[in-house]
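Close look at the chain arrangement
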Amino acid sequence: MNTTPTRIARALAVLTVLLGWATIAWSDVDGEAERRRMVDDIKAMAAEVAEETGIANLSARVLDRIAEVPRHEFVPPEQRAFAYRNRPLAIGHKQTISQPFVVALMTELLDVKEEHRVLEIGTGSGYQGAVLAGLARDVYTIEIVRPLAETATAAFERLDYTNIHTRIGDGYRGWPEHGPYDGIMVTAAPDHIPPALIEQLKPGGRLVIPVGEVWQDLMVLTKNADGTTTTTTVVPVRFVPLTREEDAKD
Ligand code: SAH
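Residues numbered from 1 in each chain as written. Predicted model: local features only at pLDDT ≥ 70, side-chain atom pairs only at ≥ 80, totals over all residues. Heavy atoms only, no water.

**Observations concerning the sheet that holds strand β7 (residues 201-211)**
Worth spelling out the cut-off: Any two strands with at least two DSSP bridges between them are considered paired. Counting from the N terminus, the helices are DSSP H or I runs at least four residues long and the strands are E runs at least two residues long. Lines fitted to C-alpha atoms define the axes, with helix axes restricted to the stretch in contact, and inter-axis angles between N-to-C directions lie between 0 and 180 degrees. It only takes one pair of heavy atoms within 4.5 Å for two residues to be counted as in contact.
Across the sheet, 7 strands lie side by side as β5-β4-β3-β6-β7-β8-β9; this open sheet has mixed pairing. Edge positions in the sheet fall to β5 (164-168) and β9 (229-237), since each has one partner strand and no second. The average angle at which neighbouring strand axes cross in this sheet is 15°, direction not considered. Running at roughly 155° to strand β6 (residues 181-186), helix α5 (residues 100-110) makes contact with β3 (117-121), β6, β7, β8 (216-223) and β9 of the sheet. Running at roughly 165° to β5, helix α7 (residues 146-158) makes contact with β4 (138-143) and β5 of the sheet.

Below you can see the structure in the form of structure tokens.
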């Protein structure tokens, strides 16, 4: 019987391949390698649309944060396999977690500094809030759909993001108790800029917001030192509409 050595060699070869796979799978148990690939996709897309956005390079600070936040923790189990694709995903209740490139772009436009206090309208999955929480001192985030707010809050607790504060309600009126804010980001689309959000912005502060129906213009409003505002339009985007609590409508 001279087949035994061949068998052993084959078995060893199979074992080596399996061990290799296991090592790769194990080393990316937290999705780190997948996130790095996603960041490359985000950079590529940023370069493609640089002429439109006027932003040639996203800052290392924003990209490093995106490389850090486990997006798979913010999507429903059936979407986990797609968590690191550069695309929006359904999170239930007819809502979506934004495309990672859009998260990066909006974060860049907000120009968040370490000492900033930031307000987000539309917590959704909690992912954008989690990205902001690593860049700002405090993040206040409002979600109108209770179960989404609860799932996001559970993720913040699980990941020990202690500087994100969630509230259930209509973000159209902002969250005046903690304002004024250095930056406000709206991730659902109203058909006009909510006046309360401008009021709750500090002089020098920025508001990043999609405005319009069906397709929107992503806008950046800056509050000047004298209280006047300057608004620029960045790119067309598509967000879910900002819904209103019936009794809160103006
Ligand atoms: N930033 C989110 C994207 C959320 S999609 C993320 O990272 O996943 C927009 C979210 O805005 C939805 O969850 C929707 O329920 C919420 N929303 C819509 N109208 C709102 C309002 N008036 N106030 C607060 N949240 C609102």
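Structure shown, so let's carry the discussion forward.
**Regarding the site of the ligand**
To keep it simple, the criterion reads: Definition of nearness: a residue and a molecule or strand are near each other if at least one heavy atom of the residue lies within 4 Å of the molecule or strand. Throughout this description, a polar contact denotes any pair of N or O atoms lying within 3.5 Å of each other; where both atoms belong to protein, one of them has to be capable of donating a hydrogen while the other can accept it, and for residues adjacent in sequence the pair is counted only when both atoms sit in side chains. To be clear on the numbers: accessible area is Shrake-Rupley with a 1.4 Å probe, and residue cover counts the displayed protein chains and nothing else. Each residue gets one of three labels, nonpolar for Ala, Val, Leu, Ile, Met, Phe, Trp, Tyr, Cys and Pro, charged for Asp, Glu, Lys and Arg, and polar for the others, Gly among them.
Close to the ligand lie 27 residues, the nearest being Ser125, Glu143, Asp170, Gly171 and Thr243. Glutamate 120 is positioned with one of its side-chain polar atoms (N or O) 3.0 Å from a nitrogen atom of the ligand. Taken by itself the ligand offers 580 Å² of open surface, and the protein chains cover 99% of this. For the shell around the ligand, the secondary structure elements donating two or more residues are β2 (95-97), β3, α6 (127-133) and β4. Counting residues per element, the shell around the ligand draws most heavily on β2, at 3 residues. Split by residue class, the shell around the ligand holds 11 nonpolar, 13 polar and 3 charged.

**Describing the nonpolar core**
Quick reminder of the rule: Throughout this description, the term nonpolar core refers to a set of buried Ala, Val, Leu, Ile, Met, Phe, Trp, Tyr and Cys residues connected via side-chain atoms within 4.5 Å. The buried label applies to any residue whose accessible area, calculated with a 1.4 Å probe on protein chains only, is under 20% of its type's maximum; exposed applies above 50%, and partly exposed to all values in between.
Ile42, Ile66, Phe74, Leu109, Tyr127 and Leu218 are the most contacted members of the largest nonpolar core, which has 51 residues in total. Secondary-structure elements contributing two or more residues to this core are α2 (32-48), α4 (60-68), β1 (89-92), α5, α6, α7, β8 and β9. If one sorts the elements of this core by residue count, α5 sits on top with 8 residues. Excluding residues that lie within four positions of it along the chain, phenylalanine 74 makes contacts with Val69, Ile91, Ile97, Ser125, Gly126, Tyr127, Ala130, Ala155, Phe156, Leu159 and Tyr161. Leu119, Ile184, Ile209 and Val211 belong to the second largest nonpolar core, which has 19 residues in total.

**Brief notes about α4**
Stated formally: This arc describes the spread of directions from the helix axis toward the C-beta atoms.
If you check which residues of α4 are buried, you get Val62, Leu63, Arg65 and Ile66. The buried side chains of α4 occupy one side of the element, clustering within an arc of 160° when seen end-on. The inward-facing, buried residues of α4 contact α2, α5 and α6.

**A word on the packing of aromatic side chains**
Note the following rule: Within 6.5 Å between ring centres, the rings of Phe, Tyr and Trp (the latter by its six-membered ring) count as paired, and their orientation is classed by plane angle as stacked under 30 degrees, edge-to-face over 60, tilted in between. By definition here, charges over rings are those cases where NZ of Lys or CZ of Arg is within 6 Å of the ring centre and within 35 degrees of the ring normal.
All told, the structure shown has 4 aromatic pairs when counted by the stated rule. Both rings, one in phenylalanine 74 and one in tyrosine 127, keep their centres 6.1 Å apart while their planes meet at 65°; by these two values the pair is edge-to-face. Taken together, the positions of phenylalanine 74 in the loop between α4 and β1 and tyrosine 127 in helix α6 put the pair 53 residues apart, joining distant regions of the chain. The same class applies to phenylalanine 74 as to tyrosine 127, namely buried. Each residue in the set Phe74, Tyr127 and Phe156 is aromatic and connected to the rest through ring pairs, giving one cluster. Positioned over the ring face of tyrosine 161 is arginine 65, at 5.4 Å from the centre of the ring. The positively charged end of arginine 87 is found above the aromatic ring belonging to phenylalanine 82, 5.0 Å away from the centroid.

**A few points about the pattern of salt bridges**
Side chains that differ in charge, positive against negative, can pair when their charged atoms come close. Test applied: For this document, the term salt bridge refers to a Lys or Arg side-chain nitrogen within 4 Å of an Asp or Glu carboxyl oxygen.
The final tally for this structure, using the stated rule, is 11 salt bridges. Among the ionic pairs, arginine 36 bridges to glutamate 32, the shortest N-O distance being 3.6 Å. One end of the pair is arginine 36 and the other is glutamate 32, both in helix α2 and 4 residues apart, which spans about a single turn. Relative accessible area serves as the criterion here: at 42%, glutamate 32 is assigned to the partly exposed category. Linking arginine 80 and glutamate 73 is a salt bridge whose minimum nitrogen-to-oxygen distance equals 3.9 Å. Through salt bridges with shared partners, a single network forms among Glu73, Arg80 and Arg158.

**Digging into α5**
Here α5 lies mainly inside the structure; 11 of its 11 residues are buried. By the burial criterion, the buried members of α5 are Pro100, Phe101, Val102, Val103, Ala104, Leu105, Met106, Thr107, Glu108, Leu109 and Leu110. Downstream of α5 by a residue or two, aspartate 111 has a phi angle that is positive, lying close to 55°.

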